[in-house]
Amino acid sequence: VGGATTDVHSVSEGDPEIAASQIAPEPFAKRTVEGDLGVYVNAANVLKLCDAQALAQQFFCAEEDLLDFCQPIPRRPQELGFSSALTQAAAQTAVARHAGLTEYLYGPSGRLAMTRGKDLTTVNWIIGTGGALTRLAVGRAILEGLNQPANSPQLFPRHGKVLLDQNYILAAAGLMAQRYPLAALALMKKSLGL
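Keep in mind the model is a prediction, meaning the values are calculated, not measured.

Quick notes on the rules
- Residues numbered from 1 in each chain as written.
- Predicted model: local features only at pLDDT ≥ 70, side-chain atom pairs only at ≥ 80, totals over all residues.
- Heavy atoms only, no water.
- Buried < 20%, exposed > 50% of the residue type's maximum accessible area, 1.4 Å probe, protein only.
- Helix = DSSP H or I, 4+ residues; strand = E, 2+ residues; numbered from the N terminus.
- Pairing = 2+ DSSP bridges.
- Phe/Tyr/Trp six-rings, centres within 6.5 Å; stacked < 30°, edge-to-face > 60°.
- Lys NZ or Arg CZ within 6 Å of the ring centre and 35° of its normal.
- Core = buried A, V, L, I, M, F, W, Y, C linked by side-chain atoms within 4.5 Å.
- Contact = heavy atoms within 4.5 Å.
- Lys, Arg positive; Asp, Glu negative; His and termini not counted.
- Salt bridge = Lys/Arg side-chain N within 4 Å of Asp/Glu carboxyl O.
- Polar contact = N/O pair within 3.5 Å; in protein donor to acceptor, adjacent residues only side chain to side chain.
- Disulfide = S-S within 2.5 Å.
- 1 Å grid on protein atoms, 1.4 Å probe; cavity = no way out; pocket = protein on both sides within 12 Å on 5 of 7 lines; lining within 4 Å.
- Points joined across faces, edges and corners; volume = space filled by probe spheres on them.
- Nonpolar A, V, L, I, M, F, W, Y, C, P; charged D, E, K, R; others polar.

S.K.: Looking at this structure, how should I read the pairing of strand 5 (residues 125-128)?
M.R.: Two faces make up the sheet, and in a regular strand the side chains alternate between them. Every second residue of strand 5 is oriented toward a common face, the buried set being I126 and G128 and the non-buried set W125 and I127. Two strands pair when backbone bridges link them, and strand 5 and strand 6 (residues 161-164) are joined in this way by 4 bridges, in the parallel orientation. Bridging across to strand 6, I127 finds its partner in L163.

S.K.: Got a minute to help me understand the packing of aromatic side chains in this structure?
M.R.: To describe a pair of aromatic rings, you give the distance between the ring centres and the angle between the ring planes. Scanning the model with the defined rule gives 1 aromatic pair in all. Geometrically, the ring pair formed by F59 and F69 is tilted, given 5.5 Å between the ring centres and 55° between the ring planes. On the criterion of sequence distance, the pair formed by F59 in the loop between helix 3 (52-58) and helix 4 (77-98) and F69 in the loop between helix 3 and helix 4 is long-range, its members being 10 residues apart. The aromatic ring of Y104 is capped on one face by R111, whose charged end is 3.9 Å from the ring centroid.

S.K.: Quick question: what am I supposed to make of the nonpolar core here?
M.R.: Among soluble globular proteins, nonpolar side chains are generally buried collectively. One finds V1, L47, L55, L66, F82, L86 and L143 to be the most contacted residues of the largest nonpolar core, which totals 35 residues. Those elements giving two or more residues to this core turn out to be helix 2 (43-47), helix 3, helix 4, helix 5 (131-135), helix 6 (139-144) and strand 6. A per-element tally of this core places helix 4 first, with 8 residues. With residues near it in sequence (within four places) discarded, F82 still touches L47, F59, L66, L67, F69 and C70.

S.K.: Quick question: what am I supposed to make of the environment of R97 here?
M.R.: Tracing the chain through its elements places R97 in helix 4. With residues up to four places along the chain from it excluded, the contact list for R97 reads E34, D36 and L37.

S.K.: Honestly, the side chain of D119 in this entry has me stumped. Any pointers?
M.R.: Relative to the helices and strands, D119 is located in the loop between strand 4 (110-116) and strand 5. Here D119 is buried and forms no salt bridge, its nearest opposite-charge partner R158 lying at an N-O distance of 6.3 Å. At a separation of 2.6 Å, a polar atom in the side chain of D119 contacts the side chain of T121.

S.K.: Where do I start with the state of the cysteines in this structure?
M.R.: Enumeration over the complete set of coordinates arrives at 0 disulfides. We note that C61 lacks a disulfide partner, and the nearest cysteine sulfur, in C50, lies 13 Å from it.

S.K.: I keep staring at the layout of surface pockets and nothing clicks. Help me out?
M.R.: If a probe as big as a water molecule is rolled over the atoms, it shows which places are left empty. Each pocket or cavity is described by its volume, and for the largest pocket that value is around 850 Å³. Lining the largest pocket are 30 residues, with D7, V8, H9, I127 and G128 positioned closest to its centre. Listed by contribution, the elements that provide at least two residues to the lining of the largest pocket are strand 1 (6-11), helix 4, strand 5 and helix 7 (170-176). A per-element tally of the lining of the largest pocket places strand 1 first, with 6 residues. Among the residues making up the lining of the largest pocket, the classes are represented as 19 nonpolar, 9 polar and 2 charged. Volume-wise, the second largest pocket comes out at about 280 Å³. Only helix 4 and helix 5 provide two or more residues apiece to the lining of the second largest pocket. Here the lining of the second largest pocket is composed, by residue class, of 10 nonpolar, 6 polar and 1 charged.

S.K.: How do you make sense of the environment of E26 when you look at a structure like this?
M.R.: Checked against the element boundaries, E26 lands in the loop between helix 1 (16-19) and strand 2 (29-34). Relative accessible area serves as the criterion here: at 30%, E26 is assigned to the partly exposed category. Between the alpha carbons of E26 and A4 there is a distance of 26 Å; along the sequence they are 22 residues apart. The contact partners of E26, leaving out residues within four places of it in the chain, are G117 and K118. Separated by 3.1 Å, the side chains of E26 and K30 make a polar contact.

Bear in mind that shape data such as this cannot, by itself, settle questions of function.
Structure follows, in structure tokens:
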């Protein structure tokens, strides 16, 4: 989750049972970029996904004044709280757009499951990076909240363990890996707490 976009990358084969009901193939590795879900540049768009009335009550202001708390580097408690709410909405929405969904159709032969989109149910690791996740105290909790119960129709992770890019270095280490792969790997592991 970043200030301008929210990107989701997944690498997963998914559950074979779910794959049997899939109506279109999905790639093993998939990337989506949500250009309308940046928590700073697109704060007004993300705010529409939140309960603005509840946020206004929480911050003792009018709904039309909420965007006053939007800062590129939030520092005050209200700015941090507002950024946290936007970050949670952006993460949930981006993963919902990225992940698949199981729907049930009923006909003369009974119930038929139909799955559309990427199956993330077998994802083992949820790795978070981006300023909004790595610099807010609630980043880890937001990512942990992406796990869904097994009976959810959304094909979100079921038991993903959260790793947070504590030093916000994954992008730089990825570039560095082209020339210094071992050093880049060491930096990434350290930042993820491995």
